[in-house]
Amino acid sequence: MEDRHSNEPPESMANPWTEESYDERYRAHGSLWSGKPNPVLLSETADLAPGSVLDAGSGEGADAIWLASRGWQVTAVDFSSVALERAAVRARENAPTLGQRITRLHRDLTSWQPSKVDYDLVCAQFLQLAAAQRAVVFGSLAAAVAPGGMLLIVGHDASDRALGVHRPSRPEVYFTADAIAAQLLEPGAWEVSVSGPRERTVTSADGQTIVVHDEILRAHRRH
Ligand SMILES: C[S@@+](CC[C@H](N)C(=O)[O-])C[C@H]1O[C@@H](n2cnc3c(N)ncnc32)[C@H](O)[C@@H]1O
């Protein structure tokens, strides 16, 4: 995900990470994100046969649309109704049939428990949560992966904050893949294939090439 606009909610908001604040940010822009699927999703799922996927914090739907176009049956969850509606419009614009492969759910992930717990893939790209919420939400997402299925969690590395690119200023939303794996994935039950930061090149608003880092956790459930 690269943002077209600042990632940072207005300072005036009492709690900038609520459903209402996200709705407000989405409404303020025709497009908040780039409209392109996340590169890490493309690279880390390229070798998977399509099946069922849960996209947590699906935003404007670029990842969900890409997955559906590859044959995945997608459940896209977000608590912003503005983002979900935008995602629905974009899916229809891309191809009328794609929408049939995407189920959109308007849910707050901090309180929602997936009723289906056998997804072939569960992914969360740049879902920014405070630490206590993160453990609960990522724990539920891990529990929703089927035996043999894959969990993919991607976040901005905290080192990006020094680069001058738009990143959340709140330190609590940053995590390391290693910490998530140690906290949530029982070693005998999971095979971790990627855990750590990885470079990615982006172009800044003023045209400069900048190397940023994503924290990536990719793990398969053994049983
Ligand atoms: C930074 S955006 C990333 C969107 C998309 N995954 C992407 O990479 O383009 C984070 C998304 O997570 C959603 N989100 C944040 N907290 C959430 C929560 N507690 N429950 C559901 N959605 C949430 C926001 O509404 C927003 O659409």
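Everything below is about the structure shown above.
Here the structure is a predicted model, which means the values were calculated and not measured.

### Points about the packing of helix α5 (residues 131–143) against helix α6 (residues 177–184)
Okay, so step 1: Between α5 and α6, the shortest axis-to-axis distance is 11 Å and the interhelical angle comes to 70°. Judged by the inter-axis angle, α5 sits roughly perpendicular to α6. α6 is crossed by α5, and the crossing has right-handed handedness. For the pair α5 and α6, the contacting residues are A135, F138, G139 and A142 in the first and I180, Q183 and L184 in the second.

### Notes on the nonpolar core
Okay, so step 1: Counting 56 residues, the largest nonpolar core has V122, L141 and L151 as its most contacted members.
Okay, so step 2: Filtering out sequence-adjacent residues up to four positions away, L151 remains in contact with V122, L141, A142, V145 and A219.

### Things to note about helix α4 (residues 81–94)
Okay, so step 1: If you check α4, its first and last C-alpha atoms are 20 Å apart, about what 14 residues at 1.5 Å a residue would give, namely 20 Å.
Okay, so step 2: Along its buried surface, α4 packs onto α1 (19–27), α3 (62–69), β2 (73–78) and β3 (102–106).

### Here's the deal with the environment of A179
Okay, so step 1: Along the chain, A179 falls in helix α6.
Okay, so step 2: It is 39 Å that separates the C-alpha atoms of A179 and E93, two residues lying 86 residues apart in sequence.

### A word on the pairing of strand β7 (residues 209–221)
Okay, so step 1: Note: strand β5 (residues 145–156) against β7, seven bridges, orientation antiparallel. Bridging from a neighbouring strand, V154 pairs with I216 of β7.
Okay, so step 2: Looking at chain direction, strand β6 (residues 190–203) and β7 are connected through 13 bridges and run antiparallel. Among the inter-strand pairings, E191 is bridged to a residue of β7, identified as H220.

### As for the environment of D118
Okay, so step 1: Tracing the backbone through its elements, the reader meets D118 in the loop between β3 and β4 (119–125).
Okay, so step 2: For the pair formed by D118 and G148, sequence separation is 30 residues and the distance between their alpha carbons is 9.5 Å.

### Details of the environment of R101
Okay, so step 1: Tracing the chain through its elements places R101 in the loop between α4 and β3.
Okay, so step 2: For R101, a count of 20 C-beta atoms within 10 Å puts it in the buried group.
Okay, so step 3: On a C-alpha basis, the gap between R101 and Q113 in space is 21 Å, while along the polypeptide they are 12 residues apart.

### Thoughts on the pairing of β5
Okay, so step 1: Across the 12 residues that make up β5, a large majority, nine, are buried.
Okay, so step 2: Sheet topology note: the β4/β5 ladder contains six bridges and is parallel. Bridging from a neighbouring strand, C123 pairs with L152 of β5.
Okay, so step 3: For the segment spanning β4, α5 and β5, crossover handedness is right-handed.

### A look at the sheet that holds β2
Okay, so step 1: Spatial ordering of the open sheet is given by β3-β2-β1-β4-β5-β7-β6, a layout of seven strands whose pairing is mixed. A single partner strand is all that each edge strand has here, and the edge strands are β3 and β6. Going across the sheet, the axis of each strand differs from the next one's by a mean of 15°, ignoring polarity.
Okay, so step 2: Here strand β1 (residues 52–56) pairs with β4 via four bridges, running parallel.

Conventions and cut-offs
- Residues numbered from 1 in each chain as written.
- Predicted model: local features only at pLDDT ≥ 70, side-chain atom pairs only at ≥ 80, totals over all residues.
- Axes fitted to C-alpha atoms, helices over the stretch in contact; angles between N-to-C directions.
- Helix = DSSP H or I, 4+ residues; strand = E, 2+ residues; numbered from the N terminus.
- Parallel < 35°, antiparallel > 145°, perpendicular 65-115°, else oblique.
- Left-handed = near helix turned anticlockwise from the far one by under 90°.
- Contact = placed C-beta atoms within 7 Å.
- Core = buried A, V, L, I, M, F, W, Y, C linked by C-beta atoms within 7 Å.
- Buried ≥ 20, exposed ≤ 12 C-beta atoms within 10 Å, placed from the backbone.
- Expected span 1.5 Å × (residues − 1).
- Pairing = 2+ DSSP bridges.
- Right-handed = clockwise from strand over helix to strand, strands pointing away.

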